[in-house]
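The primary structure of each chain is shown beneath.
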Amino acid sequence: MGNSLKAIVAFVPSDECQRYLLEDLEEMPVDKMVDLSGRQLRRLPLHICSFRELVKLYLSDNNLNHLPPELEQLQNLQILALDFNNFKALPLVVCTLKQLCILYLGNNKLCSLPLELRLLQNLKTLWIESNCLQCLPEVVCELSLLKTLHAGSNALRALPAQLRCLRELRTIWLSGNLLSEFPPVLLDMPFLEVIDVDRNSIRFFPSLAHLPGLKLVIYDHNPCRNAPKVAKGVRRVGRWSEETPEPRKRSGAVIEITLNEKPSPPPATKAEPE
């Protein structure tokens, strides 16, 4: 009954209703964090923007499709979670928060990202999974400190060559896209540690043995006829990985061995800034 009441109240934009949804959050918390996840909010309460020392703001799992310009006042914000909302475009006010280290935009309706995103030069983690992206926005390649990029469950068919400029990038998640070939640009990124291309349409894998930083490659659920070759000590998750031999030809036939191991998903918990 409580959740149903909150769902009804969320449609009524009065100050009294907002206070009910926020459970009387009137002063900035001592830990400089506000978590309004799952409150059925349709708009961000403006008084939150007065918490100028706020470091972490979680707005996940609401009904938001815009943000007020007053959000620009939160210039100390390092973590902003906007995942599981109804954003069709990233509000430009987010790009004014220049101290952001971690930005969660997953599970929205984004088809692109604004060029103003390049202003977030402190960004180290970007989650844009489960959106409507048909290509990786090239502006992502201008985020020079980016270490983790989660772009799974979109409709990506290729990656831009400029991605190689992200020399701090260590982890890239591309599962559940429409890649028909292994992205060539990743072969020129020796600093990558984790590559996830699970659940794509890749039929052939080039050798990854020349990537000295690589620690884990996840390539399961692709219609591939070979496993990617990797250097010693690199873990592979997929068909014919280190636990089973690659297929051998016998009398012209190929014997396929399927590995039952499932790929490790990205971390369920949201990361903290370093």
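Residues numbered from 1 in each chain as written. Predicted model: local features only at pLDDT ≥ 70, side-chain atom pairs only at ≥ 80, totals over all residues. Heavy atoms only, no water.

Taking an unreviewed UniProt entry as the reference, the protein chain is identified by name as LRC10 protein belonging to Cochlearius cochlearius.

*Asks:* I keep staring at the nonpolar core and nothing clicks. Help me out?
*Replies:* Within soluble globular proteins, side chains that are nonpolar generally end up buried alongside one another. The biggest cluster of nonpolar side chains holds 71 residues, and the ones touching the most others in it are Leu163 and Leu186. Both domains that meet at this core, namely domain 1 (27-109) and domain 2 (133-243), each give it at least three residues. In this view, Leu186 contacts Leu159, Leu163, Ile172, Leu174, Leu192, Ile195 and Leu211; residues no more than four positions away in its chain are not counted. Formed by 7 residues, the second largest nonpolar core is a distinct cluster that contains Tyr58, Cys101, Ile102 and Tyr104. (Core = buried A, V, L, I, M, F, W, Y, C linked by side-chain atoms within 4.5 Å. Buried < 20%, exposed > 50% of the residue type's maximum accessible area, 1.4 Å probe, protein only. Domains from an automatic or database assignment. Contact = heavy atoms within 4.5 Å.)

*Asks:* Is there a simple way to explain the packing of aromatic side chains in this structure?
*Replies:* In total, this model carries 3 aromatic pairs according to the counting rule given. Between Tyr104 and Trp127, the ring centres sit 5.6 Å apart and the planes meet at 55 degrees, which makes this aromatic pair tilted. A residue pair is termed long-range when its members are at least 10 positions apart, and Tyr104 in strand β4 (residues 102-104) and Trp127 in strand β5 (residues 125-127) qualify at 23 residues. Trp127 shares its class with Tyr104; the two are buried. Residues Phe205 and Tyr219 carry aromatic rings whose centres are separated by 5.4 Å and whose planes lie at 65 degrees to one another, so their mutual orientation is edge-to-face. Here Phe205 is found in the loop between β8 (194-196) and β9 (216-218), whereas its partner Tyr219 is found in the loop between β9 and β10 (235-237), with 14 residues between them in sequence. Accessibility assignment for this pair places Phe205 and Tyr219 in one class, buried. (Phe/Tyr/Trp six-rings, centres within 6.5 Å; stacked < 30°, edge-to-face > 60°. Helix = DSSP H or I, 4+ residues; strand = E, 2+ residues; numbered from the N terminus.)

*Asks:* Just checking my understanding: could you explain the sheet that holds β9 for this structure?
*Replies:* Remark on secondary structure: sheet strands pair via backbone hydrogen bonds, oriented parallel or antiparallel. The strand order across the open sheet built from 10 strands is β1-β2-β3-β4-β5-β6-β7-β8-β9-β10, with neighbouring strands paired in parallel fashion. Each edge of the sheet is formed by a strand with only one pairing partner; in this case those strands are β1 (33-35) and β10. Direction aside, the axes of adjacent strands within the sheet are offset by 5 degrees on average. (Pairing = 2+ DSSP bridges. Axes fitted to C-alpha atoms, helices over the stretch in contact; angles between N-to-C directions.)

*Asks:* Would you mind showing me how to read unusual backbone geometry here?
*Replies:* A negative phi holds for most residues other than glycine; trans holds for most peptide bonds. The phi dihedral of Asp61 is positive, around 60 degrees, even though this residue is not glycine. By secondary structure assignment, the location of Asp61 is in the loop between β2 (56-58) and β3 (79-81). The class for Asp61 is partly exposed, based on a relative accessible area of 48%. Its identity is not glycine, yet Ser130 carries a phi of approximately 55 degrees, on the positive side. Mapped onto the elements, Ser130 comes out in the loop between β5 and β6 (148-150).

*Asks:* Would you mind going over the environment of Leu25 with me for this structure?
*Replies:* Locating Leu25 in the fold gives a position in the loop between α2 (15-22) and β1. Along the primary structure Leu25 and His47 are separated by 22 residues, whereas in three dimensions their C-alpha atoms are 9.3 Å apart. The residues touching Leu25, leaving out its near neighbours within four places in the chain, are Val34, Leu36, His47 and Ile48.

*Asks:* Sorry if this is basic, but what is going on with the state of the cysteines here?
*Replies:* Under the defined criterion, the tally for this structure stands at 0 disulfides. Take Cys132: it sits in no disulfide, and the sulfur closest to it among the cysteines is that of Cys111, at 4.6 Å. Look at Cys132 and you get partly exposed, because its relative accessible area is 36%. (Disulfide = S-S within 2.5 Å.)

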